Amino acid sequence: MLRQATLRSALLLAALLPALGCRSTGTAAPAAPMDQDQRMDWWRQARFGMFIHWGLYAIPAGKWGAKDSHGEWIRTTAEIPLDEYEKFQPQWNPTKFDAEAWASMAAAAGMKYLVITSKHHDGFCLWDSAQTDWDVGNTPHGRDILRELKDACDRHGVKFCTYHSIMDWHHPDYLPRRAWEKDRSTDGADFDRFEKYLHAQVTEIVQNYHPGVMWFDGEWESTWNHERGLRLYELCRRLDPAMIVNNRVDVHRGGMQGFANSSEAVGDFQTPEQEIPATGVPGVDWESCMTMNSHWGWNAYDTQWKSTTTLLHNLIDIASKGGNYLLNIGPRADGTFPPDAVQRLREIGAWMDKNGEAIRGTTASVFDDLSWGRCTVRREGATTKLFLHVFELPADGILELRGIANHVARPPYLLADPRKQYYMPMSAGSYDEPNTIRIQVPRNDLDPHATVVVVEIEGVPVIYKAPVITADSEQFVGGIDVHLSTPTANASVRYTTDGSPPSPQAAAAVGPVHLTTTCTVKAATFHDGVQVSDVVTRTFTKVTPLPPVEPVAPGEGLLFTRHAVNWRSIPDDRRGLSAESAGVAAEITAGAAPGEHVALRFSGFLKVPEGELYRFRLTSDDGSKLWIGGRLVVDNDGPHGSEAKDGAIALGAGLHPIELIWFNITGGAALSLQWARPGAAFEKVPTSALRH
Ligand code: H79
């Protein structure tokens, strides 16, 4: 839309719209703010959604010049000038776009929601926005993609949701420009005005298409901050109290792992990208978004398609950890899904038709690790269904669930068996021994992707968990306190330190165990005098502190040098690096105006008060490394958002050579170093400990 308006009046209009928008929602009294559990309920039940990355970048299909590895980032990765990129707009003519087909493919695959890019980083909009002409309304095709897809999703029982990029490489008010983009002036650019544009567009999307989720992205640049994130989140909540908003509305995403690293962060769910966390986090909602090949946007040259088995294992793994799986499709420029994707969706759907009950509406596994696969859980009245997803049947064909107190309510069966009557033959003796359930699975009925065995148990699962052994470190100088605990109620931990397995007569852990010599701790959980968990083993080693050096180091603070660099990691060979400036730093910090494409090197001595094991916590955005006495103590290298890494080293009282290197590529920049003595909390390394 907006064909007549000049840019200025458009911006003015944009400034006014959020206010207008708020008023126009008031057809009825504003809905009462919904309870979080109520709001998240459909999303938690869904477990599986479709991501769609579609925009002008589908036209070059990943190729620009000699390189064919581009995707939705092509404008930046190929450094395409804006006027050149704008030539794709009149080429937007996806004549085979069929919203009905897309929504039905999602539904048939067992997906309960669909998230489409209303706008990606290139700024191009898939609906006819009143705020800009940089949209589908101003193309030969002219059709409103969001409208058609929203309506089709409604018909197929798939929740329609939108992805909206905060970062915008097209809008004149968006800052910063790309580093390579020398010809686009920033004169007169005003990020506050961009924020109004963003709010106006989000208002349009919510009021016109009612997305179930607003999935923000591109929040990591220096112009975005918590205040702006909070304002955007509150706008969303006001526009639709039932709508769910992801955590990328705010800063504090904590890198690609996607879990908020600050308690002030807003957002309803966490967003790991292209990865599955090692474990879920009880009480925290999260969704892993992942590609089917190795691009989000359509790339005709990408042959790295994951197998259907891998995709299903990802779905099952995620569900077993209590998360959602958002699986991406990058449609082609003609409006069709790539055939490789269609085939995989169909195969996933065939599995879901038989086994979807083991995914939808389930919660996380109650077991820690199952060597043969995964488990999902559903309470059903007086019983609980354990869905055992077999990835690889053990050689003896027996699935073993250890440490479970419950009795089985009925013989196990295969979920894919239409009669649900497939009684499992018992293994030698019984499938229902004290604290153990054993199920013999016949090899001839295995599903090539994953076989689901249903075990219905009486009541709520009562699982005896193995003990958790925690300590500051696995090394110590004088002595160390080791804590042994079990997450299981009404159970005790027994342990040994002489290498023998713990028996019911072994020492019970009450309070911390103090070790003064190198030894191996073995512990298990016991209930009524019976061992009910596996044995957990950990070794603690007594170490000798590194002797101090005796330099002349009278001054407080560290020497620092500043360097212009183009690093993505800290190179091993740093000879020939010339300093732009140098001085003495009273503290280890990135400084008030750190800048971009920059590195800082701190060097001198660390003054240590007593011979002990010291733990160090290095927090940085982007990468950093810490060496003491020439040894690498913390490696926090690589491009990332603010991330903390820990390391430990035993140091004798006195001075030790220290070197710390930090760099920032672009955007957010931060650096801090903390230390902790045994048993004490981390604190900032004080100026008095820094010498040169
Ligand atoms: O839309 C898809 C991608 O185009 C988009 N997100 C998915 C869903 C995406 N944009 N960038 N990236 C993915 C990778 C960017 C990584 C980084 Fe950062 C940005 C590294 C440093 C800045 C964010 C902040 C991730 C780590 C720190």
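Residues numbered from 1 in each chain as written. Predicted model: local features only at pLDDT ≥ 70, side-chain atom pairs only at ≥ 80, totals over all residues. Heavy atoms only, no water.

K.L.:
Would you mind showing me how to read the overall build of the chain here?
P.N.:
Check the secondary structure of the chain and you find ten helices and 33 strands. Taking 692 residues into account, the globule formula puts the C-alpha radius of gyration at 26 Å, and the chain, at 29 Å, falls close to it. The buried share among the 692 residues of the chain stands at 53%. Partitioning the intrachain contacts of the chain with sequence separation of at least 6 by distance along the chain shows that 70% fall at a separation of at least 24. Here the chain displays about 28800 Å² of accessible surface, and carbon together with sulfur accounts for 52% of that area. Once the 66 positive and 84 negative side-chain charges of the chain are each reduced to a mean point, those two points are 0 Å apart. (Helix = DSSP H or I, 4+ residues; strand = E, 2+ residues; numbered from the N terminus. Rg over C-alpha atoms; globule rule 2.2 N^0.38 Å. Buried < 20%, exposed > 50% of the residue type's maximum accessible area, 1.4 Å probe, protein only. Contact = heavy atoms within 4.5 Å. Areas by Shrake-Rupley, 256 points an atom, 1.4 Å probe, with all protein chains shown as cover. Lys, Arg positive; Asp, Glu negative; His and termini not counted. Charge placed at Lys NZ, Arg CZ, Asp CG, Glu CD.)

K.L.:
Would you take a moment to explain the site of the ligand for this structure?
P.N.:
In the vicinity of the ligand there are 17 residues, among which His53, Glu72, His120, Asp217 and Glu273 approach most closely. In this structure, an oxygen atom belonging to the ligand sits 2.6 Å away from a side-chain N or O atom of His53. In this structure, Glu72 approaches the ligand through a side-chain N or O atom, which is 2.5 Å from an oxygen atom. (Near = heavy atom within 4 Å. Polar contact = N/O pair within 3.5 Å; in protein donor to acceptor, adjacent residues only side chain to side chain.)

K.L.:
I tried to follow the domain arrangement of the chain on my own but got confused; where do I start?
P.N.:
How big an interface is tends to be stated in terms of accessible area lost as the parts join. What the domain assignment reports for the chain is domain 1 (3-15 + 47-358), domain 2 (373-458), domain 3 (468-542) and domain 4 (558-691). Summarising the inter-unit geometry, the C-alpha centres of domain 3 and domain 4 are found 35 Å apart. Facing six residues of domain 3, the contacting portion of domain 4 comprises nine residues. For the domain 3 face of the interface with domain 4, the top three residues by lost area are Asp472, Gln475 and Val477, together amounting to 77%. With its nearest N and O atoms 3.4 Å apart, the salt bridge here joins Asp472 to Arg615. One can count two residue pairs in polar contact (both at pLDDT 80 or more) joining domain 3 with domain 4. Broken down by class, the residue content of the side of domain 3 that touches domain 4 amounts to two nonpolar, three polar and one charged. (Domains from an automatic or database assignment. Buried area = accessible area lost by both parts, 1.4 Å probe. Salt bridge = Lys/Arg side-chain N within 4 Å of Asp/Glu carboxyl O. Nonpolar A, V, L, I, M, F, W, Y, C, P; charged D, E, K, R; others polar.)

K.L.:
Where do I start with empty space enclosed by the protein in this structure?
P.N.:
Any space left empty among the atoms is revealed by the rolling of a water-sized probe across them. A full pass over the atoms with the stated rule returns three cavities of 30 Å³ or more. By volume, the largest cavity amounts to about 80 Å³. Together, 13 residues line the largest cavity, and Asn293, His295, Trp305, Ile329 and Gly330 are the ones closest to its centre. When its residues are assigned to classes, the lining of the largest cavity shows seven nonpolar, six polar and no charged. The volume enclosed by the second largest cavity comes to roughly 50 Å³. Looking at the lining of the second largest cavity, its residues break down into four nonpolar, one polar and two charged. (1 Å grid on protein atoms, 1.4 Å probe; cavity = no way out; pocket = protein on both sides within 12 Å on 5 of 7 lines; lining within 4 Å. Points joined across faces, edges and corners; volume = space filled by probe spheres on them.)

K.L.:
Just checking my understanding: could you explain the sheet that holds strand E16 (residues 480-485) for this structure?
P.N.:
Neighbouring strands of a sheet are bound in pairs by backbone hydrogen bonds; such pairs are parallel or else antiparallel. Here we have three strands laid out as an open sheet, ordered E14-E16-E19, and antiparallel in their pairing. Every interior strand has two partners, whereas the edge strands, strand E14 (468-470) and strand E19 (513-515), have only one. Strand-to-strand, the axes of this sheet are offset by a mean angle of 25°, without reference to chain direction. Pairing geometry for E16 and E19, over three bridges, is antiparallel. Paired with Val482 across the bridge in E19 is Val513. (Pairing = 2+ DSSP bridges. Axes fitted to C-alpha atoms, helices over the stretch in contact; angles between N-to-C directions.)

K.L.:
Just checking my understanding: could you explain the pairing of strand E28 (residues 631-636) for this structure?
P.N.:
Looking along a regular strand, one sees side chains alternate from face to face of the sheet. Across five bridges, strand E27 (residues 624-628) lies against E28 in antiparallel orientation. Each bridged residue has a counterpart across the sheet, and for Ile628 the counterpart in E28 is Arg631. Hairpin connection of E27 to E28: two residues between the antiparallel strands, including Gly629 at a positive phi of 55°.

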